[in-house]
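One letter stands for each residue in the lines below.
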Amino acid sequence: MHKKIGIIIFACIIIALPILTLVKLPKEKAPFSENENRYLSEFPTISLSSIKDETFMNGFDSWFSDRFYGREQWISAMNDSERLMGKTEISTVYTKDDRMMQVLSDYDDIGAAYDADKIHTNLAVINSFAAKHPEIPTYFMLCPTSVGVYGNSLLPSAVKNVSVDEKDMIESCYNELSSVTPINIYNALKEHDSEYIYYRTDHHWTSLGAYYAYQSAGAELGYTPYELKDFTKETASTEFQGTLFSKTLDQSVTKDEIDFYTLADNSATPSMTTSNGLDKEASYDSIFFRDYLDVKDKYASYTGQNVAVATLHRNNTTTAEAASDPKDTAGTDRRSILVIKDSYANSMMQFLINNYDTVTMIDLRYTNQSISNLVNVEDYDQVLFLYNCITFSDENDLIKAGL
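Here's what I pulled together on the structure shown here. (Residues numbered from 1 in each chain as written. Predicted model: local features only at pLDDT ≥ 70, side-chain atom pairs only at ≥ 80, totals over all residues. Heavy atoms only, no water.)

With respect to helix H6 (residues 146-154)
Most of H6 sits inside the fold, with seven of its nine residues counted as buried. The inward-facing, buried residues of H6 contact strand S5 (100-102), helix H7 (157-160), helix H8 (166-175) and helix H9 (186-191). (Buried < 20%, exposed > 50% of the residue type's maximum accessible area, 1.4 Å probe, protein only. Helix = DSSP H or I, 4+ residues; strand = E, 2+ residues; numbered from the N terminus. Contact = heavy atoms within 4.5 Å.)

Comments concerning the packing of aromatic side chains
What the rule picks out here adds up to 24 aromatic pairs. For the pair Tyr 211 and Phe 351, a centre-to-centre distance of 5.3 Å together with 70° between the ring planes defines the contact as edge-to-face. Highlighted residues: Tyr 211 in helix H10 (residues 207-221) and Phe 351 in helix H13 (residues 344-352), separated in sequence by 140 residues. Note on accessibility: Tyr 211 and Phe 351 belong to one class, buried. Ring pairing ties together the aromatic residues Tyr 211, Tyr 212, Tyr 214, Tyr 223, Tyr 226, Phe 231, Tyr 261, Phe 351 and Tyr 356, which thus form one cluster. (Phe/Tyr/Trp six-rings, centres within 6.5 Å; stacked < 30°, edge-to-face > 60°.)

Here we look at the environment of Leu 374
Topologically, Leu 374 is positioned in helix H14 (residues 371-374). Owing to a relative accessible area of 15%, Leu 374 belongs among the buried residues under this scheme. Residues Leu 374 and Asn 276, 98 residues apart in the sequence, show an inter-C-alpha distance of 8.9 Å. Excluding residues within four positions of it along the chain, Leu 374 makes contact with Gly 277, Val 309, Ile 362, Thr 367 and Gln 369.

Notes on the sheet that holds strand S13 (residues 281-284)
Spatially, S9-S8-S17-S15-S16-S14-S12-S13 is the arrangement adopted by the eight strands of the open sheet, whose pairing is mixed. Every interior strand has two partners, whereas the edge strands, strand S9 (181-182) and S13, have only one. Contacts from H10 reach strand S8 (138-143), S9, strand S15 (336-341) and strand S17 (382-388) within the one sheet, and its direction differs from that of S8 by about 155°. (Pairing = 2+ DSSP bridges. Axes fitted to C-alpha atoms, helices over the stretch in contact; angles between N-to-C directions.)

Focus: the pairing of strand S11 (residues 256-263)
Most of S11 is tucked away, with six of its eight residues classed as buried. As defined by bridge partners, strand S10 (residues 231-240) adjoins S11 across seven bridges and the pair is classed as antiparallel. Across the sheet, the residue bridging to Phe 240 is Asp 256, located in S11.

In structure tokens form, the structure reads like this:
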């Protein structure tokens, strides 16, 4: 009897779900999914040709997969049931001790893909770039992710055996550099691993983690970093649930904080201009985009959404004040730095801009143009490549740096 009831309930779900989806979600334009940070599939066009060549059915499958009624609730319920059965990994994200992490591994079903050939290619591009611009000092900062700092203590033993040791990866990459100065921040982050240096629900480091990277980089880049006590910290949000939460929908992990740091003496008031590399430009009087604090992608509050080119200006309160500031090694030299980067750089800019007159960030994922078409490299005093280990191991766009 119970078996028959179960079959009836299952059959009702199978029949009701498509009907509810079609009724509740007709052919409207695809909405943007804040949780997944992407646009969902649109309902396909129906025609004899699209039915005949199966494009309609393929499109319908994508649309239904993206839009079936109660989709996120179903996914959340499924993930919750797996966790109740003791599973610590959901969608390649591992959760333990109130922390989510994504592993870098040779196995796609274990975590983020590690591609040794792609890494060697990207390192060759950085070396080639430095050789092409020998008069400009070039640096490379490869940043560990949370699993690189916490992994050994939190990952299951079976996963440890197949995960990539990010510390070893960083050292191996630095050994391949030629005429490029490595900036090793691993030890600095490891020394502070008891502090809030990585988000619990997101793949980025926190503002505090970015600060320790900025502090450590000063010796190589030639500036005296400001101390934490020199900054005013503002907790702008306590409701951040990031990219790793989007994969798991695990509400049991504590939400994250978004913290903004500004110089306490207000000696710098950074502003920013952005460009898509062609003709679309915009100017902003702050590097903090507070509108993003009201949406899911709160990390975008650091310098806004990723764009091809973003240039930050320090805007000293007075020229005399800048020249007399012992921590401002740029001083009257008005130094500038070009940062070729992924999104790990975004939260670090609130610190780095205080030691430069100009910082220009280039994100090659958002342009089809070469660096030389976007900026005049010779205008900058230094060039910094800044990537996290997971992004760098799967980076397809860095080749543009060598064009």
